[in-house]
Amino acid sequence: LKIVLQRLGLGLITLFVVSLIIFVAILMLPGGFAEAILGQAATPETVAAFNKEIGLDQPAWLRYYNWIAGVLQGDFGTSYASRIGYRREVAEMLAPRAFNTLFLAGMTAVIAVPLSVGLGLLAALYRNTWFDRGINMISLVSISFPEFFIAYIAIVLLASPAFLNILPSLAKVEDDSTVLERIYRCSLPAITMTLVIVAHMMRMTRAAIINVLASPYVEMARLKGAKPWQIIIRHALPNAWAPIVTVVALNLAYLIVGVVVVEYVFTYPGMGKQMVDAVAARDVPVVQACALVFAATYIILNLIADVLGIVTNPRLLHPK
């Protein structure tokens, strides 16, 4: 409990520092919302009056204080764009987008986690064979390529009329879309993100299992006549859970924040695409809210990874 509280306190401090970085980084963006809306022909007086209307004439420290105070009360502010038409809260705008992002991340996790753990076990079981070498080569290739490159390759192979053309190239979903329709339209983004994160988890699973296989109790199991798969499943895997669970949790954290590029490539209506659109429009409250939510999610999942690493490792759970 003491360690968990320490990690939680450190996470809150980290989140506070990240909020400062987010606020300062947005201040450093060239241009502004008034210039983006009014255009280059706007006079300085018109820009100043518009900034005063949306509250950008206040000092930076006061705007940061008002923003953090509102966030602590669950209020992320009002979108600048909504003030031109009708008032719309940022939390109201993010709710459906957050659901779409979590659906895509969850769909990817359901595919990637069992696949990576299974491939890691098989690679450890058939170590130094053609299967092991092939899986390692494919994983190194997938790690080397950035997300957008893998996304475009997937579009060409699976959505182009010149090749298979079995999946939609654009992941456009509506609020009233059925689950099956969402799964079908999210298939290409999920495949792309699976290829990005599965290599890390697979290689860590393989390394953890191989490390445990060098233990004396595994040698004893071999001498007793246990089959290779029995040794891995019954003896090696339970003692290798700590690093495997940690790397899975860290990759799931990356999965949540790594959807920005993938969502934009496939025009998926999630928080990542909304954040990119808000940056282009200089809609500061929306950018700040998306960045803070991503940061908080990453910190929370890192905390979960720490806790799971302690719980699954008896030497850390009982250091004496």
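First, a word on what this report is: a plain description of the structure on this page. (Residues numbered from 1 in each chain as written. Predicted model: local features only at pLDDT ≥ 70, side-chain atom pairs only at ≥ 80, totals over all residues. Heavy atoms only, no water.)

Here we take up the nonpolar core. Membership of the largest hydrophobic core comes to 78 residues, with the highest contact counts inside it found for Leu188, Ile209, Leu213, Ile244, Phe266, Tyr268 and Phe294. By residue number, the principal contributor to this core is helix α6 (residues 90–125), which donates 12 residues. Apart from the residues lying within four places of it in its own chain, the contact partners of Leu213 are Ala124, Val218, Arg222, Ile231, Ile232 and Ala236. (Core = buried A, V, L, I, M, F, W, Y, C linked by side-chain atoms within 4.5 Å. Buried < 20%, exposed > 50% of the residue type's maximum accessible area, 1.4 Å probe, protein only. Helix = DSSP H or I, 4+ residues; strand = E, 2+ residues; numbered from the N terminus. Contact = heavy atoms within 4.5 Å.)

Before going further, it helps to examine the packing of aromatic side chains. A full pass over the atoms with the stated rule returns six aromatic pairs. On the numbers, 6.4 Å between centres and 75° between planes, the contact of Tyr126 with Phe131 is edge-to-face. Taking the relative accessible area as the measure of exposure, Tyr126 reaches 44% and is therefore partly exposed. Relative accessible area serves as the criterion here: at 22%, Phe131 is assigned to the partly exposed category. Members of the aromatic cluster, connected to one another through ring pairs, are Phe23, Tyr64 and Trp67. Between Arg182 and the ring centre of Phe103, over which it is positioned, the NZ or CZ distance is 5.9 Å. (Phe/Tyr/Trp six-rings, centres within 6.5 Å; stacked < 30°, edge-to-face > 60°. Lys NZ or Arg CZ within 6 Å of the ring centre and 35° of its normal.)

A few words on the side chain of Glu147. One can find Glu147 in helix α8 (residues 147–159). Here Glu147 sits buried without a salt bridge, and the closest side chain of opposite charge, Arg203, lies 16 Å off (N-O distance). Excluding anything up to four places from it in sequence, Glu147 contacts Thr192, Val196, Tyr254, Val261 and Val262. (Lys, Arg positive; Asp, Glu negative; His and termini not counted. Salt bridge = Lys/Arg side-chain N within 4 Å of Asp/Glu carboxyl O.)

Bringing the environment of Ala159 into the picture now. Relative to the elements of secondary structure, Ala159 occurs in helix α8. Among the residues examined, Ala159 registers a relative accessible area of 12% and is labelled buried. Put simply, Ala159 and Leu170 are 11 residues apart on the chain and 9.1 Å apart in space, counted from C-alpha to C-alpha. Sequence-distant contacts of Ala159, defined by excluding residues within four places in its chain, comprise Ala154, Asn165, Leu167, Pro168, Ser169 and Leu188.

Here we take up the pattern of salt bridges. Taken as a whole and judged by the stated rule, the model has four salt bridges. Ionic pairing is found between Arg206 and Asp132, a salt bridge with its closest N-O pair at 2.8 Å. With Arg206 in helix α10 (residues 187–213) and Asp132 in helix α7 (residues 130–144), this residue pair connects regions lying 74 residues apart in the sequence. Of the charged contacts, one joins Glu181 and Arg185 as a salt bridge, the two residues approaching to 3.5 Å between their closest N and O atoms. With Glu181 and Arg185 both in helix α9 (residues 179–185), this residue pair falls four residues apart, about one helical turn. Take Glu181: its relative accessible area is 32%, and that puts it in the partly exposed class.

Glancing now at the packing of α6 against helix α12 (residues 228–239). Between α6 and α12, the shortest axis-to-axis distance is 10 Å and the interhelical angle comes to 125°. By the angle class used here, α6 and α12 are oblique. Every pair of crossing elements has a handedness; the one defined by α6 and α12 is right-handed. Residues Leu121, Ala124 and Leu125 of α6 lie in contact with α12, whose contacting residues are Pro228, Trp229, Ile232, Ile233 and Leu237. (Axes fitted to C-alpha atoms, helices over the stretch in contact; angles between N-to-C directions. Parallel < 35°, antiparallel > 145°, perpendicular 65-115°, else oblique. Left-handed = near helix turned anticlockwise from the far one by under 90°.)

Here we come to empty space enclosed by the protein. Taking a probe equal in size to a water molecule and rolling it over the atoms shows the remaining empty space. Under the counting rule described, the total for this entry stands at one cavity of 30 Å³ or more. Estimates place the volume of the largest cavity at around 40 Å³. If you go around the largest cavity, the residues you meet are Glu147, Met193, Val196, Ile197, Tyr254, Leu255, Gly258 and Val262. Put simply, the parts of the chain that give the lining of the largest cavity at least two residues each are α10 and α13 (241–257). When residues of the lining of the largest cavity are assigned to their parent elements, the largest contribution, three residues, is made by α10. Residues of the lining of the largest cavity, tallied by class, amount to six nonpolar, one polar and one charged. (1 Å grid on protein atoms, 1.4 Å probe; cavity = no way out; pocket = protein on both sides within 12 Å on 5 of 7 lines; lining within 4 Å. Points joined across faces, edges and corners; volume = space filled by probe spheres on them. Nonpolar A, V, L, I, M, F, W, Y, C, P; charged D, E, K, R; others polar.)

This paragraph deals with the environment of Val24. Assignment of secondary structure puts Val24 in helix α1 (residues 2–27). Using a relative accessible area of 42% as the deciding quantity, one classes Val24 as partly exposed.

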